[in-house]
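# Per-entry structural report
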Amino acid sequence: MPLRSSDQNMTSKNHKDIAKQSRSTASDQNNQLQTKQQLLLGHQYSGPLPHPSILEKYEVLYPGATKLIIDNYLLQTKHRQELEKRVIESGCGDSRKGLWFAFIIGMTGIVGSVACILSGAQIAGSVLGFTSLTGLVSTFIIGTRERRAERETKFKAMQ
């Protein structure tokens with residue numbers, strides 16, 4: 001059955017509508033794709049201070065805020081460094097004191113050992129001398145191993 005002119009107009013109109021819808025659908029899909037791309041885009045910032053763009057926003061909301069934030073950061077950094085310096089100095093001082101006390105105790109043991117041997121108590125003097133030297137040497141070896149293990153742990157943590 002042949003198409004009439006009114007049917008041809010409707011068919012042509014339907015084709016145009018379908019083409020328009022498919023373009024609209026393609027446009028919607030393209031917009032969705034662009035939206036997805038926009039959602040996936042971003043940047044990351046890491047640091048002790050807020051990102052400069054955030055600092056600018058703080059400055060707009062509260063003039064002088066950026067200076068306060070940076071000054072507080074610098075004060076906190078200086079404070080932390082001073083504390084770390086004190087801890088290190090204290091550890092070094094404790095280590096020196098420990099060495100001196102170990103030396104005094106060791107020498108006292110050795111002098112006592114020699115005194116015992118000279119006074120005729122060779123067995124007691126030998127035992128005292130042996131235990132004094134053994135204690136000093138074992139303390140030195142154990143301390144050295146612990147310091148090495150601590151350094152290795154810190155080295156691994158830094159990597």
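Refer to the structure presented above.
In short, a report on the structure. Quantities reported herein were computed from a predicted structural model and do not represent experimental measurements.

A few words now on the overall build of the protein. Check the secondary structure of the protein and you find four helices and zero strands. Shown N-terminal to C-terminal, the secondary structure of the protein runs as helices and strands in the order α-α-α-α. Looking at the protein as a whole, 8% of its 159 residues qualify as buried. Here the analysis covers contacts within the protein between residues at least 6 apart in sequence; of these, 16% occur between residues at least 24 apart.

Below, the discussion takes up the side chain of T77. Relative to the helices and strands, T77 is located in helix α3 (residues 65-118). Here the side chain of T77 touches Y73 through a polar contact of 2.9 Å, landing on its backbone oxygen.

We now examine the environment of I54. With respect to the helices and strands, I54 occurs in helix α2 (residues 52-61). Here I54 falls in the partly exposed class, since its relative accessible area comes to 39%. The spacing of I54 and T66 is twelve residues in sequence and 9.5 Å in space, taken between C-alpha atoms.

Once that is clear, we can look at the packing of aromatic side chains. For any two aromatic rings, the description comes down to two numbers: the centre-to-centre distance and the angle of the planes. Across all of its chains, the model carries one aromatic pair by this definition. Plain terms: the ring middles of W100 and F103 are 6.1 Å apart, the flat faces sit at 90° to each other, and that makes the pair edge-to-face. Taken together, the residues span about one helical turn, with W100 and F103 both in helix α3 at a distance of three residues. On the accessibility criterion, W100 (56% relative accessible area) is exposed.

Taking 1.5 Å of rise per residue, the 54 residues of α3 would be expected to cover 80 Å, and the 79 Å separating its terminal C-alpha atoms lies within 8% of that figure. G120 sits one or two residues past α3 and shows a positive phi near 105°.

A cluster of nonpolar residues, W100, F101, F103, I104, I105, M107 and V111, forms a patch on the protein surface that exposes about 790 Å² of accessible area. For I104, the location among the structural elements is in helix α3. In this structure I104 comes out as partly exposed when scored by relative accessible area, which is 46%.

Rules used throughout
- Residue positions are given per chain, counted from 1 along the sequence in the order it is written.
- For a predicted model such as this one, the threshold for reporting local features is a pLDDT of at least 70, and the threshold for listing and counting side-chain atom pairs is 80 or more; totals across whole chains, interfaces and linings nevertheless cover every residue.
- Note that water and hydrogens are dropped before the side-chain values are worked out from all heavy atoms of the structure.
- Think of it this way: any DSSP run of H or I at least four residues long counts as a helix, any run of E at least two long counts as a strand, and we number them from the N terminus.
- Each residue gets one of three labels from its accessible area relative to the maximum for its type: buried under 20%, exposed over 50%, partly exposed in between, using a 1.4 Å probe on protein chains only.
- Two residues form a contact once any of their heavy atoms are found within 4.5 Å.
- N or O atoms closer than or at 3.5 Å make up a polar contact, with two conditions inside protein: a donor-capable atom paired with an acceptor-capable one, and, for residues adjacent in sequence, both atoms drawn from side chains.
- The criterion for an aromatic pair is that two Phe, Tyr or Trp rings (for Trp, the six-membered ring) have centres within 6.5 Å, with stacked assigned to planes under 30 degrees apart, edge-to-face to planes over 60 apart and tilted to the rest.
- Any helix carries an expected span of 1.5 Å times its number of residues minus one.
- Within the patch definition used here, like charges are joined within 9 Å and nonpolar side chains (Val, Leu, Ile, Met, Phe, Trp, Tyr) within 5 Å, considering only residues with over 30% relative accessible area and no salt bridge.
- For accessible areas, the Shrake-Rupley method is used with a probe of radius 1.4 Å. Any residue's cover is judged against the shown protein chains and nothing else.
- Within this document, salt bridges are pairs made up of a side-chain nitrogen of Lys or Arg and a carboxyl oxygen of Asp or Glu, the two lying within 4 Å of each other.

Shape descriptors only; they carry no functional weight alone.
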